[in-house]
Amino acid sequence: MSGKEEKMEREFTYTTPVKPNLFVLSPLQPKGGWGVPPDKLGPEVCLATSFSPKTGQMVLNVKEGPIALNTTNAVLSIKQNTYFYAGFTNQTIYSCELNNRSSNNDNIDLCTDLHPENAKLNFYLLLMNGVRVLLTKTVAFSTLLTIRAMLF
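Quick caveat: nothing in here was measured; it's all calculated off a predicted structure.

(A) Expanded view of the overall build of the protein. Looking only at helices and strands, the protein features two helices and eight strands. When its helices and strands are written in sequence order, the protein yields α-β-β-β-β-β-β-β-β-α. The buried share of the protein, reckoned over its 152 residues, is 24%. For the protein, the accessible surface area stands at approximately 11700 Å², while carbon and sulfur atoms represent 61% of it.

(B) Expanded view of the pairing of strand β4 (residues 65-70). With six bridges joining them, strand β3 (residues 57-62) and β4 adopt antiparallel strand pairing. Along β4, the bridge assignment pairs Q57 with N70. The turn linking β3 back onto β4 is made up of two residues.

(C) Inspection of the sheet that holds strand β2 (residues 44-51) at higher detail. Ordered in space as β1-β2-β6-β5, the four strands form an open sheet in which the pairing is antiparallel. Each of the sheet's edge strands pairs with one partner strand only, and the pair in question is β1 (21-25) and β5 (75-77). Taken pair by pair, the neighbouring strands of this sheet meet at an average axis angle of 20°, ignoring direction. Relative to strand β6 (residues 82-89), β5 runs antiparallel, the two sharing three bridges. Residue pairing in the sheet places L76 in a bridge with Y83 of β6.

(D) Spatial organisation of the sheet that holds strand β8 (residues 101-104). Judged by pairing direction, the sheet is antiparallel, and its four strands sit side by side in the order β4-β3-β7-β8 without closing on themselves. If you trace the sheet from one side to the other, it starts and ends with β4 and β8, each paired once. Across the sheet, the axes of successive neighbouring strands diverge by a mean angle of 20°, strand direction being ignored.

(E) Inspection of the packing of aromatic side chains at higher detail. The tally for this structure, following the rule as stated, stands at two aromatic pairs. With centroids separated by 6.3 Å and ring planes inclined at 45°, the aromatic side chains of F51 and Y83 adopt a geometry described as tilted. You can see F51 sitting in strand β2 and its partner Y83 sitting in strand β6, a full 32 residues away along the chain. Neither F51 nor Y83 differs from the other in exposure class; each is buried.

So, how was this worked out
- Residues numbered from 1 in each chain as written.
- Predicted model: local features only at pLDDT ≥ 70, side-chain atom pairs only at ≥ 80, totals over all residues.
- Heavy atoms only, no water.
- Helix = DSSP H or I, 4+ residues; strand = E, 2+ residues; numbered from the N terminus.
- Buried < 20%, exposed > 50% of the residue type's maximum accessible area, 1.4 Å probe, protein only.
- Areas by Shrake-Rupley, 256 points an atom, 1.4 Å probe, with all protein chains shown as cover.
- Pairing = 2+ DSSP bridges.
- Axes fitted to C-alpha atoms, helices over the stretch in contact; angles between N-to-C directions.
- Phe/Tyr/Trp six-rings, centres within 6.5 Å; stacked < 30°, edge-to-face > 60°.

Pasting the structure below:
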């Protein structure tokens, strides 16, 4: 570490503790790979953001038991004066914990706002918008042809 980094590290160690924000991130499914088990996709990540102090232990809860990771290699954000750390494993992370905070691997369903019971109504509304656009184009084109016929 350079002298400036050591000075910043010393100054920052005396601040009040900040609880982390934890996120469990899973890899995306490969194209056409919908039968691939989660353990074969690649590393899963527990991302801890905006926490202090630097020292701590991140616990990744996986099928075979908890994995403890030391956060002494966490990166300092100079703007926020907090640390960031990513814990990786090739196993499925069910939850992760750091500084008495935890996060579950509940997949956020992006389709929760969709209502299949309104699918028929949505289809008719889309169809009516299409008919409206087609009618508007027809009237505009007809008006242009009429004006052209009058002028020439």
